[in-house]
Amino acid sequence: MPVWSRQEIESRILAGETLVIRHGLVHRIPQKWLANHPGGALAILHFVGRDASEEIDAYHSDDTLRRMKNYVVAKVEEPWAPLLPPVMSGWVRRLGPRGEHWHREAEHEEGINAEHGEHDAPPFQILLVKSHGTTANAPSSTTIQPAPSSLSPEVQQQHVSAYRTLHAQIKKAGLYDTNYISGYGPEFLRYTLLVAITLIAYSKSYFIIAAISQGLLWHQLAFFAHDLGHCSVTHKWLWDRLLAIFVTDFLGGLSIGWWVDNHNIHHLVTNHPSHDPDIQHIPFFAISPVFLKGLWSSYYKRVMAFDGAASLFLKVQHRIFYVVMSMARFNLYANSYGFLAIRARRTWDWYAEVGSLIAFWSWYGTMLYGIGSWKTALVYLLISHIVTSPLHIQIVLSHFSRSTTDLGPQESFPHRQLRTTTDVICPPSLAFLHGGLHLQVTHHLFPRLPRHSLLAASKLVKVYAKEQGLEYAEFGFIQGNEEVRNVLQEVARQVGIVKMVAEVNIKEAMKAM
């Protein structure tokens, strides 16, 4: 097998090849597979030219890892110094009349940190804004060279080596084995009880009770859908996807295809302002002042505009936090259907999802119609959706108060996940309310780990973090809410400052006329 030099890797990437490195082996991803990757194309593109060993191992089964050997084309010398993936500097490949070519969709916004007071942000952080035209028609060797990092390569490699030992320990302990009886048994009893309450209350016209029960059912089913999306139930993609379509699309009215595509990127580039869709909530929320610059989203392929609407909402975002979160499920509908209509591939699972969503609105619409009064039906609709809001609040608690600074491709997988994620502490008796996903740190380190194994694994992760000198962040639910609202309040304050400066500039400009 040939050994490719760094220059060889660079030239091939610039020529349009998708090369990812894992354990010293170069994997060349064909365009056909890139387009059909179950985790989405961006999940691969964010690691072009980088060592993605930990990410790939954490996200794929042993069977998949064995099949990946078919894509190995060369070796490299280890340790590999990462390149900067073209997508992270705004370069993507597009198909045109003459074949594939490079297209610059976004560019680096110079000085974005200093302008908004983030003096502690590293100068090499790349935050993207929409491209306004460039003389270059393709990235160059300089483009894919990461800036010097403040991180020690030796320390990052030490974190990786210890993480691999930890991963082997978790596997040896059997924590990847799904516990169907004691794990999912009580949950299915809970689902059955909530279905029964909903149907009985509805049949007796106790519509408020039925709506609450139905919302609680959706709340609990979301955790099961999450497991299926991560292939951590049967550990077989086909069976987990079929079950996920039934639970997520048919029973919940949401797209599992969208969720997987979105959620995988969130896990891989956690809390990156330009790349993580789970923190891109303009115009309603901004968890960092950098969002006031109108960043480009590499996931949504649009500008997150800091316009009049954003200014209006962001000034009071800490006050409207719970109001917006109570309506969060409606946003999930919009994201789901937009994904299926515009971005999703027309494969068998797309048709299965669309059919299941039609069936969902048929049965749910029939329930609303059967209430008889449109006012009562509207109340039923709102209550059943608002009841799910604690789930959405829990999700943002795990990341909104954590760092949004990009430390570059030199940062190791475990270091990044521990730096950007926190757990929510709760007593064991209330863990079912969080679905076990309050242990987000461990989940981010081992995303395929069955949810009912997270508690046992988290004890090992805490030992790992302590030995490596890394923070294992955790806070209570109430404290977490306070910290998130404090973050939102601080950004809201800076929105006010930006508006004041803009008004002063306008007045001065008018006086000068």
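How each quantity is defined
- Residues numbered from 1 in each chain as written.
- Predicted model: local features only at pLDDT ≥ 70, side-chain atom pairs only at ≥ 80, totals over all residues.
- Heavy atoms only, no water.
- Helix = DSSP H or I, 4+ residues; strand = E, 2+ residues; numbered from the N terminus.
- Rg over C-alpha atoms; globule rule 2.2 N^0.38 Å.
- Buried < 20%, exposed > 50% of the residue type's maximum accessible area, 1.4 Å probe, protein only.
- Contact = heavy atoms within 4.5 Å.
- Areas by Shrake-Rupley, 256 points an atom, 1.4 Å probe, with all protein chains shown as cover.
- Lys, Arg positive; Asp, Glu negative; His and termini not counted.
- Charge placed at Lys NZ, Arg CZ, Asp CG, Glu CD.
- pLDDT = per-residue confidence, 0-100.
- Axes fitted to C-alpha atoms, helices over the stretch in contact; angles between N-to-C directions.
- Parallel < 35°, antiparallel > 145°, perpendicular 65-115°, else oblique.
- Left-handed = near helix turned anticlockwise from the far one by under 90°.
- Phe/Tyr/Trp six-rings, centres within 6.5 Å; stacked < 30°, edge-to-face > 60°.
- Lys NZ or Arg CZ within 6 Å of the ring centre and 35° of its normal.
- Core = buried A, V, L, I, M, F, W, Y, C linked by side-chain atoms within 4.5 Å.
- Patch = residues over 30% accessible without salt bridge, like charges linked within 9 Å, V, L, I, M, F, W, Y side chains within 5 Å.
- Salt bridge = Lys/Arg side-chain N within 4 Å of Asp/Glu carboxyl O.
- Pairing = 2+ DSSP bridges.
- Polar contact = N/O pair within 3.5 Å; in protein donor to acceptor, adjacent residues only side chain to side chain.

Engineer: I'm lost on the overall build of the protein chain in this one. Help?
Structural biologist: Counting its regular elements, the protein chain contains 22 helices and 11 strands. Radius of gyration (C-alpha) of the protein chain: 24 Å, near the 24 Å computed for a compact globule of 513 residues. The principal-axis extent of the C-alpha atoms belonging to the protein chain is close to 70 × 70 × 55 Å. A burial count over the protein chain gives 52% of its 513 residues as buried. Within the protein chain, counting contacts between residues at least 6 apart in sequence, those at least 24 apart form 73% of the total. With an accessible surface of roughly 23,400 Å², the protein chain has 63% of that area assigned to carbon and sulfur atoms. Across the protein chain, the mean location of the 45 positive side-chain charges is 5 Å away from that of the 42 negative side-chain charges.

Engineer: Mind showing me how you'd approach the confidence of the model for the protein chain here?
Structural biologist: Low pLDDT means the predicted atomic positions in that stretch should not be read closely. Summing up the model confidence of the protein chain, the mean pLDDT is 92 and the portion of residues at 70 or higher is 94%. Contacts for the low-pLDDT stretch residues 111-121, under 50 throughout, to residues beyond four places or in other chains number 20 contacts.

Engineer: Looking at this structure, I do not really get the packing of helix α10 (residues 237-250) against helix α15 (residues 348-370). What am I missing?
Structural biologist: When two helices pack together, their arrangement is given by the angle between the helix axes and the distance between those axes. Close contact between α10 and α15 brings their axes to 8 Å; oriented N to C, the two are set at 25°. Classified by the angle between their axes, α10 and α15 sit roughly parallel to one another. Both α10 and α15 take part in a crossing whose hand is right-handed. Together, W237, L238, R241, L242, I245, D249 and F250 of α10 and W348, D349, A352, E353, S356, L357, A359, F360 and W363 of α15 make up the contact between the two elements.

Engineer: Is there a simple way to explain the packing of aromatic side chains in this structure?
Structural biologist: For any pair of aromatic rings, the description rests on two quantities: the centre-to-centre distance and the angle between the ring planes. For the structure shown, the criterion picks out 26 aromatic pairs. Between the aromatic rings of Y163 and F446, the centroid separation amounts to 5.2 Å while the plane-to-plane angle is 10°, which identifies the pairing as stacked. Remark: F446 occurs in the loop between α20 (440-445) and α21 (454-468) and Y163 occurs in helix α7 (residues 153-172); sequence separation between them is 283 residues. Residue F446 is classed as buried on the basis of its relative accessible area of 0%. In this structure an aromatic cluster arises from ring pairing among W218, F330, Y333, Y337, F360, W361, W363 and Y364. The positively charged end of R6 is found above the aromatic ring belonging to W80, 5.4 Å away from the centroid. If you follow R93 out to its NZ or CZ, it ends over the ring of W102, 4.9 Å from the centre.

Engineer: How should the nonpolar core be read in this particular structure?
Structural biologist: One recurring pattern in soluble globular proteins is that nonpolar side chains are buried together. Ranked by internal contacts, the top residues of the largest apolar core, which has 71 residues, are I170, Y380, F446 and L449. Here this core takes 6 residues from α15, the largest share from any one element. Core analysis: the next-biggest nonpolar cluster, separate from the first, contains 28 residues, L292, M304, F321 and F400 among them.

Engineer: So what exactly am I meant to see when it comes to a nonpolar patch on the surface here?
Structural biologist: A surface patch of nonpolar side chains, about 530 Å² in accessible area, is lined by W237, L238, W239, L242 and W348. With 4 residues, the top contributor of residues to the nonpolar patch is α10. In this structure W348 comes out as partly exposed when scored by relative accessible area, which is 41%.

Engineer: Sorry, what's going on with the pattern of salt bridges here?
Structural biologist: All chains considered together, the criterion is met by 19 salt bridges. Notably, a salt bridge pairs R416 with E55, separated by 2.9 Å at the nearest N-O pair. Of this pair, R416 sits in helix α18 (residues 413-420) while E55 is found in helix α4 (residues 53-59), placing the two residues 361 residues apart along the sequence. Linking E471 and R402 is a salt bridge whose minimum nitrogen-to-oxygen distance equals 3.2 Å.

Engineer: What's the story with the sheet that holds strand β3 (residues 72-75) in this structure? I'm lost.
Structural biologist: Strand pairs in the sheet, formed through backbone hydrogen bonds, run parallel or antiparallel to each other. In space, the 3 strands of this open sheet follow the order β1-β2-β3, with antiparallel pairing throughout. The two strands at the open ends of the sheet, each matched to only one other strand, are β1 (19-22) and β3. Here the average twist between neighbouring strands, direction ignored, is 35°.

Engineer: I'm lost on unusual backbone geometry in this one. Help?
Structural biologist: Among all residues save glycine, negative phi is the norm, and among peptide bonds the norm is trans. Looking along the chain, the bond that leaves E78 and enters P79 is cis, with omega of 0°. Note that P79 resides in the loop between β3 and β4 (91-96). Here I282 and P283 are connected by a cis peptide whose omega angle stands at 15°. Within the secondary structure layout, P283 lies in the loop between α11 (256-268) and β8 (296-297). Its identity is not glycine, yet S205 carries a phi of approximately 65°, on the positive side. By relative accessible area, which is 46% here, S205 ends up partly exposed.

Engineer: Help me understand the side chain of H399, please; the structure alone is not making it clear to me.
Structural biologist: Among the structural elements, H399 can be located in the loop between α17 (389-397) and α18. A polar atom in the side chain of H399 sits 3.2 Å from the side chain of H266. In terms of polar contacts, H399 uses its side chain to reach the side chain of H444, at 3.2 Å. Residues contacting H399, with those up to four places away along its chain left out, are H266, T270, N271, T420, T421, Q440 and H444.

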